[in-house]
Amino acid sequence: MIAINDTHDAKLKSWVESANDDATDFPIQNLPFGVFRPAGAEEEPRVGVAIGDQILDVVACRQQGLLKGKVFTAGLACDVPALNALMALGPDLWTTLRETISGLLRADGPGMAETRPKVEKCLSRMKTAELLLPVEIGDYTDFYASVYHATNVGSMFRPDNPLLPNYKHIPVAYHGRASSVVVGGTPIRRPSGQMKADDADGPSFGPSKLLDYELEVGVFIGPANHHGESVPIQKAENHVFGMCLVNDWSARDIQKWEYQPLGPFLAKSFATTISPWVVTLEALAPFRAPEFARPKGDPRPLPHLDSPENRETGGIDLTLDVFLASEQMREKGIEPLRISRGSFTDMYWTIAQMVTHHTSNGCNLRPGDLLASGTVSGPDEGSRGCLLEHTWRGENPIQLPTGEERKFLQDGDEVIMRGFCERDGFARIGFGECRGTITSVAAPE
Ligand code: CA
């Protein structure tokens, strides 16, 4: 696991004043990476680091001569408008780059009088910037790591047998679609598909009526493993660059008709939204937690999915909120309504176990591959991470402040996910937002 170091010191302040605001997601202890284009600019998109309400342009920092020695290499990897090359470099260079950027931004940084005017030239306002998909995602895998989600959903589809016998032995997953992963803010068009109502004689084709979100956390792979070689659990996190928020949009009516026997396909592949900022695993070092406390009687994972370190610090104490705003709410100026709060510590499987399981057959992961956790649901009703569970298939609709009801998503609904880590003695860090608004189905051509 990555050690806690000077860059995590809660006392660190930045000369970028907005980074010292208690409410910011991006204090100097966070420093997440993304890809942006300054507003209105005809320029190529570039790699940036979020600091308060500003973005630090990493390419401009190199051009200003602010990245020297080993860090120059890391700076060069940021010359392409995607994080894949940086992700491929591995933990040592990531750490050095983070240390350097932290030094450039801290209020008492070495040689600040000389460097600050140069760094100031590399800053632009986040509010007016365009945030782009940060990674060229080659492959996307979606896990199913919450035992609460698996049990709730299983009990709706198979009341007698909610949790299948493999669940507590392998981190179950399916291969998702990488081409339709979009950055937060991209409108999501309601999908059409084939479905069959329980009382219908046969299937029909049309717009999904049971459109849902799934609150998830994404993991971006760093250095690849060789094809044919597996990654032992002790080294799994060396292959993880960082994390983002994921909304795995799901059409429940399409899913129900198509999922057997090979699992989800078109019910999920129409769109997946990720948050624009990738929080590094190093920034998350102060917030590590033990693995899920398996109830007595649950099997221990097989030896290749188990290690003392994973038991003690395999989890991450990350709080996750979902907000909903209908079109009416926006028109009336009503704030988005928080409809759930979950915790990533409720996941049955850890990130290291997902990486090790994924490669255990020799499958190679590549820099920028996205592994999503599966819906983050906890034991309480308020911590259910999708509408299917939250409204229990629509039986308990959500009441909105306008008097509207929601069983599933309607056109114009915006889903906003937020995530943050807090721990005594450390600065609070956040993931920013993962936003998406449903638009009406495409008119036939
Ligand atoms: Ca999912």
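First, a word on what this report is: a plain description of the structure on this page.

Reading the values: the criteria
Residues numbered from 1 in each chain as written. Predicted model: local features only at pLDDT ≥ 70, side-chain atom pairs only at ≥ 80, totals over all residues. Heavy atoms only, no water. Helix = DSSP H or I, 4+ residues; strand = E, 2+ residues; numbered from the N terminus. Rg over C-alpha atoms; globule rule 2.2 N^0.38 Å. Buried < 20%, exposed > 50% of the residue type's maximum accessible area, 1.4 Å probe, protein only. Contact = heavy atoms within 4.5 Å. Areas by Shrake-Rupley, 256 points an atom, 1.4 Å probe, with all protein chains shown as cover. Salt bridge = Lys/Arg side-chain N within 4 Å of Asp/Glu carboxyl O. Polar contact = N/O pair within 3.5 Å; in protein donor to acceptor, adjacent residues only side chain to side chain. Pairing = 2+ DSSP bridges. Axes fitted to C-alpha atoms, helices over the stretch in contact; angles between N-to-C directions. Core = buried A, V, L, I, M, F, W, Y, C linked by side-chain atoms within 4.5 Å. Expected span 1.5 Å × (residues − 1).

**Looking at the overall build of the chain**
For step 1, the next point in the chain: The number of helices and strands found in the chain is twelve helices and 26 strands.
For step 2, the next point in the chain: Taking 445 residues into account, the globule formula puts the C-alpha radius of gyration at 22 Å, and the chain, at 22 Å, falls close to it.
For step 3, the next point in the chain: Its C-alpha atoms give the chain principal-axis dimensions of roughly 75 × 55 × 40 Å.
For step 4, the next point in the chain: Burial analysis of the chain (445 residues in total) assigns 56% to the buried set.
For step 5, the next point in the chain: Long-range contacts, defined as pairs at least 24 residues apart, comprise 73% of the intrachain contacts of the chain with a sequence gap of at least 6.
For step 6, the next point in the chain: For the chain, the exposed surface amounts to about 19,100 Å²; the carbon and sulfur share of it is 51%.

**As for the pattern of salt bridges**
For step 1, the next point in the chain: Using the criterion set out here, one finds 28 salt bridges in the structure.
For step 2, the next point in the chain: Of the charged contacts, one joins Glu130 and Arg37 as a salt bridge, the two residues approaching to 3.2 Å between their closest N and O atoms. Taken together, the positions of Glu130 in strand S5 (residues 130-132) and Arg37 in strand S1 (residues 33-37) put the pair 93 residues apart, joining distant regions of the chain.
For step 3, the next point in the chain: The partly exposed category is assigned to Glu130, whose relative accessible area is 39%.
For step 4, the next point in the chain: Residue class for Arg37 comes out partly exposed when judged on its relative accessible area of 23%.
For step 5, the next point in the chain: Arg435 serves as the salt-bridge partner of Glu414, at 3.0 Å between the closest nitrogen and oxygen. In this pair, Glu414 sits in strand S25 (residues 414-421) while Arg435 sits in strand S26 (residues 429-439), placing the two residues 21 residues apart along the sequence.

**Notes on helix H6 (residues 147-157)**
For step 1, the next point in the chain: Of the residues making up H6, those classed as buried are Val147, His149, Ala150, Asn152, Val153, Gly154 and Met156.
For step 2, the next point in the chain: Structurally, the start of H6 carries an N-cap: the backbone nitrogen of Tyr148 is 3.2 Å from a side-chain oxygen of Ser146.

**Structural notes on the environment of Phe292**
For step 1, the next point in the chain: Of note, Phe292 is situated in the loop between strand S18 (288-289) and helix H9 (308-313).
For step 2, the next point in the chain: Phe292 sits 223 residues away from Gly69 along the chain, and the two C-alpha atoms are 41 Å apart.
For step 3, the next point in the chain: Apart from residues no more than four positions distant in its own chain, Phe292 is found in contact with Val147, Tyr148, Thr345, Asp346, Met347 and Tyr348.

**Describing the sheet that holds S5**
For step 1, the next point in the chain: What the five strands build is an open sheet, ordered S4-S3-S2-S1-S5; its pairing is antiparallel. Each of the sheet's edge strands pairs with one partner strand only, and the pair in question is strand S4 (123-125) and S5. Each adjacent strand pair in this sheet contributes to an overall mean axis angle of 50°, direction not counted.
For step 2, the next point in the chain: Here three bridges tie S1 to S5, and the two strands are oriented antiparallel to one another. When the bridges of S5 are listed, Phe36 appears paired with Leu131.

**What about the nonpolar core?**
For step 1, the next point in the chain: The biggest cluster of nonpolar side chains holds 63 residues, and the ones touching the most others in it are Tyr213, Met243, Leu284, Phe344, Val355 and Leu409.
For step 2, the next point in the chain: For this core, the secondary-structure elements that each account for two or more residues are H6, strand S13 (215-221), strand S14 (240-247), strand S20 (319-325), helix H11 (351-359), helix H12 (387-390), S25 and S26.
For step 3, the next point in the chain: Filtering out sequence-adjacent residues up to four positions away, Leu409 remains in contact with Arg190, Leu211, Asp212, Tyr213, Trp249, Leu324, Leu387, Val415 and Ile438.
For step 4, the next point in the chain: In terms of nonpolar packing, the next biggest core, distinct from the first, is built from 48 residues, Ala77, Val119, Cys122 and Tyr174 among them.

**Comments concerning helix H4 (residues 91-105)**
Every α-helix carries 3.6 residues per turn, so stepping three or four residues along brings you back to the same face.
For step 1, the next point in the chain: For H4, built from 15 residues, the straight-helix expectation of 21 Å at 1.5 Å per residue is met to within 8% by its first-to-last C-alpha distance of 21 Å.
For step 2, the next point in the chain: Here H4 has its buried residues at Leu93, Trp94, Thr96, Leu97, Arg98, Thr100, Ile101, Ser102, Gly103, Leu104 and Leu105.

**Let's talk about the sheet that holds strand S9 (residues 188-189)**
For step 1, the next point in the chain: Spatially, S9-S26-S25-S20-S21 is the arrangement adopted by the five strands of the open sheet, whose pairing is mixed. The outermost strands of the open sheet, each flanked by one partner alone, are S9 and strand S21 (337-343).

**Examining the side chain of Ser326**
For step 1, the next point in the chain: Positionally, Ser326 belongs in the loop between S20 and helix H10 (327-331).
For step 2, the next point in the chain: Relative accessible area serves as the criterion here: at 0%, Ser326 is assigned to the buried category.
For step 3, the next point in the chain: Look past the residues within four positions of Ser326 in its chain and what remains in contact with it is Leu400, Thr402, Glu404, Arg406, Gly412 and Asp413.

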